[in-house]
Amino acid sequence: MSADQTLRLQPSFEDDLLTFHEALAKLPLSHPRVLGWWLLRLGMAVMLPFLCTGPAGPNICLGIAAFGCALARPPIFHLPGLSWALAFYAWVGISAICSGISGFVPHPMRGLGLAYTWVALYMSMIAFSHQPTLRITLRILSIVVIASAMLALAQFIIGLGERGPLRIDPHGKRFEHGVGFMALHLSQGPVMAYFMLLMMAAKQSALLPAGSAISGMLAAGAAVFLSTARMAYLGLAAGLAAAVASRGRIYFMRALIAFLIVAGSAVAILSYWQPLRTARALHGDDGRWIIWRTSLAIIRAHPLIGAGGPEGYKAEYNWRFSAEMPAEKNEFILGGAPHAHNSLLSIAAEHGLPAVVLYLGFIISVLMACFRRRHESAVCWRLGLALSLACLAAGMFENIAGHSVPAYAFFVTLGIAVMLPKDVRTNHSMTA
């Protein structure tokens, strides 16, 4: 008997969730656990499309879902990766508390999105283990994604304004960014990249009608392009390549070709629309090298607990910058760089190297749950791997792990990946 067969004979978190559903079905509608179950699903069903708008809505929705979870009492402690997540949470807290005790950081608890965004993964897994909720939510999401892409197109062509609900302004900058309902193109890009991968998986799993899935997928891809976020292009290219490569060893070369085509096309498009910005990036003259060197100096000084969070990082950045590169110009002289412009480097600089190990261990442990389901749901493994590599690739040039909206989007979609149903057409890939 193989190891995979042995694992499938043992009780799994899927069995625990099935038992949870059966127990709720026997309770009256007025029971607090049933009410909590409705609140949990409502919070996550609203949160997913609200991820196209900004952090306020998802924060409220996560609070509703967490309250519902407390009432419903699902088997959350049996879900994969929770021990890693709690250890990561504890380390982030220790780092922030130490910086507060030192007195060097005036507001050590400010900006700690890392401390709670991961909770969305488990709320997503529990809520979307209910397939009808997932199907309805994905239908709504496809409509919102299409609306966001259409708005981004108008902003890109007509002009992006500074104010207003739609931010369309003929006097604004044209052909620069399309942000949709977001405030920043750096949020719009990665979120839409995740949603494009999710729509591809929804089509393969028959969770959406083919027309809705394809429309949502194309709209999300267009929104990624219109965001002109370079790191989103890289993340999407890595995600698509991972989806192809996960089919087997013989597909590695095809995956490499797919990555080069997407990444090369992105560079060519950006070179046409924004030649100066692209040239600076290709020559390493966009400020990131300086930020990375300063961040490494902070890590060398505090390898265990880092600077104590985003506020600690900003407080220490300027004098570390002056010590490391006295001849260079500091563009963040007034307040310090907001982060290290790299997800893993930011986590290390803010909370120490152990935090990076715990964060990666957390993601890998959840990915292993997807890997163990690959025989019954190949798309589960492909989507989980695609999302994770997209997140890591996009995070090479921005701290999307510390930005609440892209982090929420990653964790919610990864939670959906873990709970995808068994394959309908096992002979086709997610990228078909």
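1. A closer look at the overall build of the protein
Next, step 1: Within the protein one finds 18 helices and zero strands.
Next, step 2: Nonlocal contacts in the protein, meaning residues at least 24 apart in sequence, comprise 75% of its contacts between residues at least 6 apart.
Next, step 3: Here the protein displays about 18,900 Å² of accessible surface, and carbon together with sulfur accounts for 69% of that area.

2. Topic: helix α13 (residues 288-301)
Next, step 1: For α13, with 14 residues, the first-to-last C-alpha span of 20 Å sits near the 20 Å given by 1.5 Å per residue.
Next, step 2: For α13, every residue scored as buried is listed here: Arg 288, Ile 291, Trp 292, Thr 294, Ser 295, Ala 297, Ile 298 and Ile 299.
Next, step 3: At its buried positions, α13 is contacted by α10 (230-245), α14 (310-324), α15 (343-351) and α16 (353-372).

3. Details of the packing of aromatic side chains
Next, step 1: Evaluated as defined, the whole model comprises 17 aromatic pairs.
Next, step 2: For the ring pair Phe 88 and Tyr 359, a centre distance of 5.7 Å and an interplane angle of 55° mean the geometry is tilted. Highlighted residues: Phe 88 in helix α5 (residues 82-102) and Tyr 359 in helix α16, separated in sequence by 271 residues.
Next, step 3: The class of Phe 88 is buried, set by a relative accessible area of 2%.
Next, step 4: On the basis of an interplanar angle of 75° and a centroid distance of 5.1 Å, the ring pair of Phe 371 and Trp 381 is categorised as edge-to-face. Of this pair, Phe 371 sits in helix α16 while Trp 381 sits in helix α17 (residues 378-394), and the two are 10 residues apart along the sequence.
Next, step 5: For Phe 371, a relative accessible area of 28% corresponds to the partly exposed category.
Next, step 6: Classification of Trp 381 as buried rests on a relative accessible area of 17%.
Next, step 7: The structure contains a cluster of three or more aromatic residues connected by ring pairs, namely Tyr 89, Trp 118, Tyr 122, Tyr 194, Phe 362, Phe 410 and Phe 411.
Next, step 8: Against the face of Phe 371 rests Arg 374, its NZ or CZ located 3.8 Å from the ring centre.

4. Topic: the packing of helix α8 (residues 185-204) against α17
Describing two packed helices takes the angle between their axes plus the distance from one axis to the other.
Next, step 1: Two numbers describe how α8 lies on α17: the axes approach to 10 Å, and their chain directions differ by 175°. Put simply, α8 runs roughly antiparallel to α17. In contact with Tyr 194, Leu 197, Leu 198, Ala 201 and Gln 204 of α8, α17 contributes Val 379, Leu 383, Ala 386, Leu 387, Ala 390 and Cys 391.
Next, step 2: Grouping the constituent residues of the contact of α8 with α17 by class yields 10 nonpolar, one polar and no charged.

5. Quick notes on the side chain of His 339
Next, step 1: Mapped onto the secondary structure, His 339 falls in the loop between α14 and α15.
Next, step 2: On the accessibility criterion, His 339 (7% relative accessible area) is buried.
Next, step 3: Side-chain polar atoms of His 339 contact the backbone nitrogen of His 341, separated by 3.0 Å.

6. Some remarks on the pattern of salt bridges
Here the idea is simple: oppositely charged side chains can pair when their charged atoms come close.
Next, step 1: For the structure on display, the rule yields six salt bridges.
Next, step 2: Among the ionic pairs, Lys 314 bridges to Glu 311, the shortest N-O distance being 3.1 Å. Pair noted here: Lys 314 and Glu 311 are both in helix α14, with a separation of three residues, about one helical turn.
Next, step 3: Under the relative-accessibility criterion, Lys 314 is labelled partly exposed at 25%.
Next, step 4: Salt bridges linked by common partners bring Glu 14, Arg 373 and Glu 376 together as one network.

7. Quick word on the confidence of the model for the protein
Next, step 1: Confidence in the prediction of the protein, expressed as mean pLDDT, is 87, and 89% of residues score 70 or more.
Next, step 2: When the criterion is pLDDT under 50, residues 1-10 qualifies, and its contacts beyond four places in sequence or with other chains add up to seven contacts.
Next, step 3: Here residues 426-432 is a poorly scored stretch, pLDDT under 50, and it has 19 contacts once near neighbours within four places are set aside; other chains count.

8. Observations concerning unusual backbone geometry
For residues besides glycine, phi is generally negative; the peptide bonds are generally trans as well.
Next, step 1: The phi dihedral of Ala 206 falls on the positive side, at around 60°, and the residue is not glycine.
Next, step 2: Turning to its location among the elements, Ala 206 is positioned in the loop between α8 and α9 (210-227).
Next, step 3: One non-glycine residue, Thr 228, adopts positive backbone phi at about 50°.
Next, step 4: Tracing the sequence through the fold places Thr 228 in the loop between α9 and α10.

9. Re the environment of Pro 310
Next, step 1: Within the secondary structure, Pro 310 is located in helix α14.
Next, step 2: Considering only alpha carbons, one finds Pro 310 and Ala 96, 214 residues apart in sequence, at a separation of 9.3 Å.
Next, step 3: If we ignore the near neighbours within four places in the chain, the residues touching Pro 310 are Arg 110, Gly 111, Leu 112 and Glu 350.

10. Concerning the packing of helix α2 (residues 13-25) against helix α3 (residues 32-50)
Next, step 1: Interhelical geometry of α2 versus α3 gives an angle of 125° and a closest axis separation of 9 Å. Here α2 lies oblique to α3, going by the angle between them. Where α2 crosses over α3, the handedness of that crossing is left-handed. In this structure, α2 uses Phe 20, His 21 and Leu 24 to contact α3, whose residues at the interface are Arg 33, Val 34 and Trp 37.

11. Quick word on the environment of Ile 305
Next, step 1: By the secondary structure assignment, Ile 305 is in the loop between α13 and α14.
Next, step 2: For Ile 305, a relative accessible area of 30% puts it in the partly exposed group.
Next, step 3: The spatial distance from the C-alpha of Ile 305 to the C-alpha of Ala 355 is 8.0 Å, given a sequence separation of 50 residues.
Next, step 4: Among residues more than four places away in sequence, those in contact with Ile 305 are Trp 91, Ser 95, Cys 98, Glu 350, His 351 and Gly 352.

12. Regarding the environment of Arg 167
Next, step 1: Structurally, Arg 167 is set in the loop between α7 (131-158) and α8.
Next, step 2: Using a relative accessible area of 15% as the deciding quantity, one classes Arg 167 as buried.
Next, step 3: Here the alpha-carbon distance between Arg 167 and Val 179, two residues 12 residues apart in the chain, equals 8.9 Å.
Next, step 4: Not counting the four nearest positions on each side in its chain, Arg 167 is found in contact with Gln 155, Gly 159, Leu 160, Gly 161, Glu 162, Val 179, Met 182 and Ala 183.
Next, step 5: Side-chain polar atoms of Arg 167 contact the backbone oxygen of Ala 183, separated by 3.0 Å.

Cut-off values and rules
Residues numbered from 1 in each chain as written. Predicted model: local features only at pLDDT ≥ 70, side-chain atom pairs only at ≥ 80, totals over all residues. Heavy atoms only, no water. Helix = DSSP H or I, 4+ residues; strand = E, 2+ residues; numbered from the N terminus. Contact = heavy atoms within 4.5 Å. Areas by Shrake-Rupley, 256 points an atom, 1.4 Å probe, with all protein chains shown as cover. Expected span 1.5 Å × (residues − 1). Buried < 20%, exposed > 50% of the residue type's maximum accessible area, 1.4 Å probe, protein only. Phe/Tyr/Trp six-rings, centres within 6.5 Å; stacked < 30°, edge-to-face > 60°. Lys NZ or Arg CZ within 6 Å of the ring centre and 35° of its normal. Axes fitted to C-alpha atoms, helices over the stretch in contact; angles between N-to-C directions. Parallel < 35°, antiparallel > 145°, perpendicular 65-115°, else oblique. Nonpolar A, V, L, I, M, F, W, Y, C, P; charged D, E, K, R; others polar. Polar contact = N/O pair within 3.5 Å; in protein donor to acceptor, adjacent residues only side chain to side chain. Salt bridge = Lys/Arg side-chain N within 4 Å of Asp/Glu carboxyl O. pLDDT = per-residue confidence, 0-100. Left-handed = near helix turned anticlockwise from the far one by under 90°.

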